[in-house]
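# Geometric and topological summary
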Amino acid sequence: MEKLFSTSDIIVQTVNLSQAKFLILSNDEGSEMWEIFKRAAKLDPANRYIASVRMRSMPSLTTLLLTNRHAAYDVTFLDRLANYPMEYQDRSVGPADGAVVGTSMHPDTVARPKLCEVSHGALTAQARALDKPVPCGEKDYNPFPWYIAGSFPFDNLVGTTRILPDMWVPLDMELYEFNMKVKDAERLTHALATVAEMSHVVETRKSATGKYVDTACTGGQPITRAVYDRIRAFSSKLYIMYFGSEPLCVSVNEINEGDDFAPFDAGFPVEGVEIRILDEELREVGAGVSGTIVIRSPTLFTRYVGEPDRTDAVWWKDGWFISADAGYLSPEGRVFVFGRSGDVISRGIVLTYPAWVEKPISSHPEVLEIMAVPVPDDINVENICACVVKKPGSDLTETAVKQLVKDSMTSDGSYYITVDHVMFFDEVLPKLSRKKLGQLAAVRLGLLAI
């Protein structure tokens, strides 16, 4: 496979024109830039992430961020792609052909992702749609620069993904703290970050100017009033985006200082996007009525790679994609997104299928029944409660039940699913739907008034 890279002269010119202080560099032995820095700065290949430099050709440069390959990997990201020539090496591509393959999770397995193919045309339409409503800044903040530079997802996996779980590595606090120092040292203008990342910065880093960036984009979970209040101090202008692996960006809510905010408001659809709401019988409903969100857009994905039946199942008619999201449209056309349709539990940005909780708990010999249910939470929107019936005389504890789920995730102690509550029931579980049982558990836990 052909490997594309910038020449050293172009990189030097770019650093000098931008007066960059930091440069992300892959320290693969033999690369042109690595050899230049190795000679000029006497770099140590064993250094994990950070190296201080002083170079006459780039006087503004102070620090290199090294994207080392993880020692456990025997092939590089490009080598992996080379194993799929039909998907990645066809050079006679057009707008309708696949450009990227994103990932999303299957409901029936914890190990196998959906591979969402997105075409060149869809990516171009996305760029056009977001050009005006979501401008980028001169200095952007990304909580994890390695996300882009290090061949994600194969080089830099943490415990917030279910892709290749055997390659998870713990969150590296050295890297995270260094990234925070970069943020503190620079006057950043724009950020793309999750609610959790924004909240962490607001709560742990004091800003002398009152705001951390001029504009910020977030999304990936329904935004409640409590979530909004927690992250509002992060930026002067906030963009709340509704997006997904299959439709890409659907809508944007632009919020300036002093603007009112309605919980779950994801704003107006971006250019070219149409939204309808369907009931359980796939009949369209009117404004203000909740249901499943369906989307028609030039940014929609093409297919799930290798799964034609699953691809066919998510299309309604005339090019409308059936999302797994629940919400409604206001009379003005704003879209409100408050969770997932069906049984999936939306705990913040993490989507959990009940079977992922129920399977490890049901394997315990003292468990007679188990149902994982959503219970309300001001920040996460939904938390996970395990409703359990034990055998008579069992001394199984809440802590032990939670540990069953934790142990089922990984062998090194990092895990993905958090069970927030365990509710024990006598003899049998009430014959209720998952949502109704969740409401009963919430009342018993004091999370919901009768």
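Residues numbered from 1 in each chain as written. Predicted model: local features only at pLDDT ≥ 70, side-chain atom pairs only at ≥ 80, totals over all residues. Heavy atoms only, no water.

A tally of regular secondary structure across the protein gives 13 helices and 21 strands. Counting across all 450 residues of the protein, residues that qualify as buried make up 44%. At a minimum sequence separation of 6, the contacts of the protein that also span at least 24 residues come to 59%. A total of about 23400 Å² of accessible surface is found on the protein, and carbon and sulfur atoms cover 54% of it. (Helix = DSSP H or I, 4+ residues; strand = E, 2+ residues; numbered from the N terminus. Buried < 20%, exposed > 50% of the residue type's maximum accessible area, 1.4 Å probe, protein only. Contact = heavy atoms within 4.5 Å. Areas by Shrake-Rupley, 256 points an atom, 1.4 Å probe, with all protein chains shown as cover.)

Within a regular strand, the side chains alternate between the two sheet faces. Counting buried positions along strand β10 (residues 248–256) yields seven of nine residues, so the element is predominantly enclosed. Examined bridge by bridge, strand β9 (residues 235–244) and β10 share eight bridges and lie antiparallel to one another. Following the sheet pairing, Lys237 is matched in β10 by Asn256. The loop that links β9 with its antiparallel partner β10 comprises three residues. Pairing analysis gives two bridges linking β10 to strand β11 (residues 268–269), with the strands arranged antiparallel. Within the sheet, the bridge partner assigned to Ser251 lies in β11 and is Pro269. (Pairing = 2+ DSSP bridges.)

We now examine the pattern of salt bridges. Considering all chains together, one arrives at 13 salt bridges under this definition. For Glu284, the salt bridge goes to Arg276, with nearest N and O atoms at 3.8 Å. Under the relative-accessibility criterion, Glu284 is labelled partly exposed at 48%. One salt bridge in this structure joins Arg310 and Glu307, with 3.5 Å as the shortest N-O distance. (Salt bridge = Lys/Arg side-chain N within 4 Å of Asp/Glu carboxyl O.)

One open sheet accounts for four strands, arranged β12-β13-β15-β16; its pairing is antiparallel. The open sheet is flanked by β12 (274–278) and β16 (335–340), the only strands paired with a single partner. Shown here is a sheet whose adjacent strand axes are inclined to one another by a mean of 50°, direction ignored. (Axes fitted to C-alpha atoms, helices over the stretch in contact; angles between N-to-C directions.)

Along the chain, the position of Thr292 falls in strand β13 (residues 291–296). Look at Thr292 and you get buried, because its relative accessible area is 18%. Once residues lying within four places of it in the same chain are set aside, the contact partners of Thr292 are Arg276, Ile277, Leu278, Ile322, Ser323, Asp325 and Ser341.

Next up on the list: the environment of Leu64. Along the polypeptide, Leu64 turns up in strand β3 (residues 63–66). Distance from Leu64 to Ala51, taken between C-alpha atoms, is 5.1 Å for residues 13 residues apart in sequence.

Now for the packing of aromatic side chains. Taken as a whole, this structure holds ten aromatic pairs when the rule is applied. Summarising the aromatic geometry, the rings of Phe301 and Phe321 are spaced 5.7 Å apart at their centres and angled 75° between planes, so their arrangement reads as edge-to-face. Of this pair, Phe301 sits in the loop between β13 and β14 (303–304) while Phe321 is found in strand β15 (residues 321–329), placing the two residues 20 residues apart along the sequence. Phe321 shares its class with Phe301; the two are buried. Aromatic pair Trp315 and Phe321: ring centres 5.9 Å apart, planes at 65°, arrangement edge-to-face. With relative accessibility at 27%, the residue Trp315 sits in the partly exposed group. Here Phe321 falls in the buried class, since its relative accessible area comes to 3%. (Phe/Tyr/Trp six-rings, centres within 6.5 Å; stacked < 30°, edge-to-face > 60°.)

Taken residue by residue, the protein gives an average pLDDT of 77. The fraction at 70 or more is 70%. Considering only residues more than four positions removed or in separate chains, one finds that residues 1–6, a stretch of pLDDT under 50, has twelve contacts. Below pLDDT 50 for its whole length, residues 69–78 participates in 19 contacts with residues either more than four positions away or in separate chains. (pLDDT = per-residue confidence, 0-100.)

Soluble globular proteins tend to pack their nonpolar side chains together in the buried interior. Core analysis: the biggest nonpolar cluster contains 29 residues, and Tyr242, Val252, Ile275, Ile293 and Val335 have the highest contact counts within it. Those elements giving two or more residues to this core turn out to be β5 (113–119), α5 (120–131), β9, β10, β12, β13, β15 and β16. Considering each element in turn, this core owes the most residues, four residues, to β10. For Ile275, the contacting residues outside a window of four places in its chain are Val250, Pro269, Ile293, Val294, Trp320, Leu329 and Val335. (Core = buried A, V, L, I, M, F, W, Y, C linked by side-chain atoms within 4.5 Å.)

Attention now goes to the side chain of Lys211. Relative to the elements of secondary structure, Lys211 occurs in the loop between α8 (195–204) and β8 (213–219). Residue class for Lys211 comes out buried when judged on its relative accessible area of 19%. A polar side-chain atom of Lys211 sits 3.3 Å from the main-chain carbonyl oxygen of Arg232. Once residues lying within four places of it in the same chain are set aside, the contact partners of Lys211 are Arg232, Ala233, Phe234, Ser235, Ser236 and Glu257. (Polar contact = N/O pair within 3.5 Å; in protein donor to acceptor, adjacent residues only side chain to side chain.)

This paragraph deals with the pairing of strand β19 (residues 367–377). Two strands pair when backbone bridges link them, and β19 and strand β20 (residues 381–390) are joined in this way by ten bridges, in the antiparallel orientation. Across the sheet, the residue bridging to Met371 is Cys387, located in β20.

Relative orientation of the contacting elements helix α11 (residues 354–362) and helix α12 (residues 398–409) amounts to 110°, with a least axis distance of 8 Å. When the axes of α11 and α12 are compared, the pair comes out roughly perpendicular. Where α11 crosses over α12, the two elements pack in a sense that is right-handed. Across the interface between the two elements, Val357, Pro360 and Ile361 from α11 touch Val401, Leu404, Val405 and Ser408 from α12. Taken together, the residues that form the contact of α11 with α12 break down as six nonpolar, one polar and no charged. (Parallel < 35°, antiparallel > 145°, perpendicular 65-115°, else oblique. Left-handed = near helix turned anticlockwise from the far one by under 90°. Nonpolar A, V, L, I, M, F, W, Y, C, P; charged D, E, K, R; others polar.)

For the rest of this paragraph, the subject is the environment of Gly220. Structurally, Gly220 can be placed in the loop between β8 and α9 (225–231). The partly exposed category is assigned to Gly220, whose relative accessible area is 40%. The spatial distance from the C-alpha of Gly220 to the C-alpha of Ile240 is 9.1 Å, given a sequence separation of 20 residues. Those residues in contact with Gly220, other than ones at most four positions away along the chain, are Met241, Phe243, Gly348 and Ile349.

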